[in-house]
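Architecture and fold: a report
Next come the chains, spelled out residue by residue.
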Amino acid sequence: MAQRKAHIKRGDQVLVLAGKDGGKEGRVLSVKPQEERAIVEGIHFLKKHTRPSQQVPQGGVIIKEGPIHLSNLKLICPRCGQPTRTNRRQLDTGQRVRICKKCGEVAEQS
């Protein structure tokens, strides 16, 4: 399977398009391009039952965010504030940036 470049980065504000959390917004905590998945803050909580250990002496249930497929996420442009698709363009300086398809501005995080 060929690895594609992810259209979102860590720290981006995204909109969840599908699933039980569809319509919610959150900040991206991490992206795994090889798996085409991302972990979004406050979205897709999973419960993991753990035995008592040195790190968790009481054991019990740990609740944390789970991964979401990148196709179910849409970037929210930091300039216009709308969910948008992105384009990639190379600037005169040689740097490649993401361009918002709605407002045409550079959609990089500040």
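Reference entry: report on the structure contained in this document. These numbers come from a predicted model, not from an experiment.

A separate point is the sheet that holds strand β6 (residues 67–69). Strand order in the open sheet formed by six strands is β6-β3-β2-β1-β7-β8, and the pairing between neighbours is antiparallel. Each edge of the open sheet carries a strand with a single partner, namely β6 and β8 (83–84). Across three bridges, the pairing between strand β1 (residues 13–16) and strand β2 (residues 25–32) is antiparallel. Bridging from a neighbouring strand, L15 pairs with E25 of β2.

Let's shift gears to the pattern of salt bridges. For the coordinates displayed, the defined rule picks out two salt bridges. Measuring nitrogen to oxygen at the nearest pair gives 2.7 Å for the salt bridge that ties D12 to R98. With D12 in the segment before β1 and R98 in strand β10 (residues 96–100), this residue pair connects regions lying 86 residues apart in the sequence. For the pair shown, D12 and R98 are each scored as buried. Measuring nitrogen to oxygen at the nearest pair gives 3.0 Å for the salt bridge that ties D21 to K24. On the basis of relative accessible area, D21 is assigned to the buried category, the value being 10%.

In this section: unusual backbone geometry. Note on backbone geometry: most residues besides glycine have negative phi, and most peptide bonds are trans. Even without glycine at this site, E36 takes up a positive phi of about 55 degrees. Mapping E36 onto the fold places it in the loop between β2 and β3 (37–40). Unlike most non-glycine residues, H44 shows phi in positive territory, near 60 degrees. Positionally, H44 belongs in the loop between β3 and β4 (45–50).

About the criteria used
- Residues numbered from 1 in each chain as written.
- Predicted model: local features only at pLDDT ≥ 70, side-chain atom pairs only at ≥ 80, totals over all residues.
- Heavy atoms only, no water.
- Pairing = 2+ DSSP bridges.
- Helix = DSSP H or I, 4+ residues; strand = E, 2+ residues; numbered from the N terminus.
- Salt bridge = Lys/Arg side-chain N within 4 Å of Asp/Glu carboxyl O.
- Buried < 20%, exposed > 50% of the residue type's maximum accessible area, 1.4 Å probe, protein only.

Nothing here speaks to function; it is geometry throughout.
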